[in-house]
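Structural features, examined
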Amino acid sequence: MVQIPNTPTSADVARLAGVSRATVSYVLNNTSAVRISEPTRRRVHEAARELGYVPHAAARSLRAGHSRMVLMPAAAVPAGPLYSRFLNELQQALGRLDYTVVQYGTVGLQGDEAARAWAELRPVAVLVPGVELGPQGVAVLKRSGARAVVTLGPVRVDGAHALLMDHDAVGHCAGAHLYAEGRRRIGVVVPEEPGLEVYSQPRLAGVREALRGSADAAVTELPLAYTEQAAAQLAARWRELDLDAVFAYNDEYAMLLMRALQDEGLRVPEDVAVIGADDLMLGRLLRPRLSTVRIELPSGRDLAELVDRAVRDPGSEPEVHQVLGASVIRRESS
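Predicted, not measured: the structure shown is a model, and the values here were computed from it.

Take His161: it is sitting in strand β5 (residues 161-164). Excluding its chain neighbours within four sequence positions, the residues that come into contact with His161 are Val149, Val150, Thr151, Leu306, Ala310, Ser316, Glu317, Pro318 and Glu319.

Set out below in structure tokens:
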């Protein structure tokens, strides 16, 4: 018969450390309201490590009246390097504030239906990327006990804190740069991968806005799948399209298309100026080096502090912040 070992309890930790169970709870829950000496804190932590004791999250949540879990629904599209760095910074900042970040996938669920699935986990806060949530979903989350709902996207949602990301500015920067470099027949890559339209359409609109009123300039939309074959097919039509520049949505699409254009015998930047976005290091290693739009995402620390403020004061008015910055990094490709 397989013997299941006894699970250590806070009482076991208290006996080994020579303190009360209340002291164990204060130390392991980082309670600041009670002063406990540093030697006592060390004894409790050493006893917990020796016994392999882990606090029970559900029990701690019942005592506190809420969990310390911050839920981040997994994005419907793959996260690029820039967004991944932002997520890492955010998780570290929330960890320092004693929150646990959980990324949760709800494949096939969208909008308010997805919100009900998130609510089942009883998070204290939910950070929602994109435009997956409506006012009814916010209400569902709050009724389930979520003290903070924060959206990261192009529009505000009633009842939620909002970090507004203006992707039009990314396209505007790219379009204005290409026009200033003397380019007038500008293509704009629009990825065909589902889910990216929330970013690609505003970027396309931003290029058009940058060239509005310029009688000698034209913008051509270029649908493109992220495959070598699709890039080669687009490059093979380039002379027919008669374009002298391209904003390729981001650096990854720019590198894919630039290689295909060069394989077709087109010179970059002499025949075609190319600019991407995100300022990935790989773009600086290409020849010619890739021009790009550097995007400033919100600080993970600032977002973590917003979550903490909202959790501490759930009745406060929702905060709205414009957080996306964009600037051109000019290199040889344009």
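This next bit is on the packing of helix α2 (residues 21-28) against helix α3 (residues 38-51). At their nearest, the axes of α2 and α3 sit 10 Å apart, and the two run at 90 degrees to each other. One way to sum up the angle between α2 and α3 is to call them roughly perpendicular. When α2 is examined against α3, the residues Thr23, Val24, Val27 and Leu28 are found in contact with a partner set consisting of Thr40, Arg41, Val44 and His45. Counted by class, the contact of α2 with α3 contains 4 nonpolar, 3 polar and 1 charged residues.

A cis amide bond, omega 15 degrees, links Val268 with the succeeding residue Pro269. Topologically, Pro269 is positioned in the loop between α12 (251-263) and β9 (273-277). One non-glycine residue, Asp98, lies in positive phi territory at about 70 degrees. Note on placement: Asp98 falls in the loop between α5 (81-96) and β2 (100-104). Of the residues examined, Asp98 reaches a relative accessible area of 27% and is grouped as partly exposed. Notably, Arg122 is not glycine yet its phi reads approximately 55 degrees, a positive angle. Within the fold, Arg122 resides in the loop between α6 (111-119) and β3 (125-129). Arg122 gets classed as partly exposed once you look at its relative accessible area, which sits at 48%.

The next subject is the pairing of strand β10 (residues 291-296). In this structure, β9 lies alongside β10, joined through 3 bridges in parallel fashion. Looking across to β10, one finds that Ile275 is bridged to Ser291. Pairing geometry for β10 and strand β12 (residues 325-329), over 5 bridges, is antiparallel. In the sheet register, Arg294 faces β12, and the bridge partner there is Ser327.

Applying the stated criterion across every chain, the model contains 2 aromatic pairs. Judged by centre distance (5.7 Å) and plane angle (85 degrees), the rings of Tyr249 and Tyr253 are edge-to-face. Tyr249 sits in the buried class, given a relative accessible area of 6%. For Tyr253, a relative accessible area of 4% translates into the label buried. Taken together, Tyr226, Tyr249 and Tyr253 form an aromatic cluster joined through their ring pairs. The ring centre of Tyr99 lies 3.9 Å from the NZ or CZ of Arg68, which sits over that ring.

The rules behind the values
Residues numbered from 1 in each chain as written. Predicted model: local features only at pLDDT ≥ 70, side-chain atom pairs only at ≥ 80, totals over all residues. Heavy atoms only, no water. Helix = DSSP H or I, 4+ residues; strand = E, 2+ residues; numbered from the N terminus. Contact = heavy atoms within 4.5 Å. Axes fitted to C-alpha atoms, helices over the stretch in contact; angles between N-to-C directions. Parallel < 35°, antiparallel > 145°, perpendicular 65-115°, else oblique. Nonpolar A, V, L, I, M, F, W, Y, C, P; charged D, E, K, R; others polar. Buried < 20%, exposed > 50% of the residue type's maximum accessible area, 1.4 Å probe, protein only. Pairing = 2+ DSSP bridges. Phe/Tyr/Trp six-rings, centres within 6.5 Å; stacked < 30°, edge-to-face > 60°. Lys NZ or Arg CZ within 6 Å of the ring centre and 35° of its normal.

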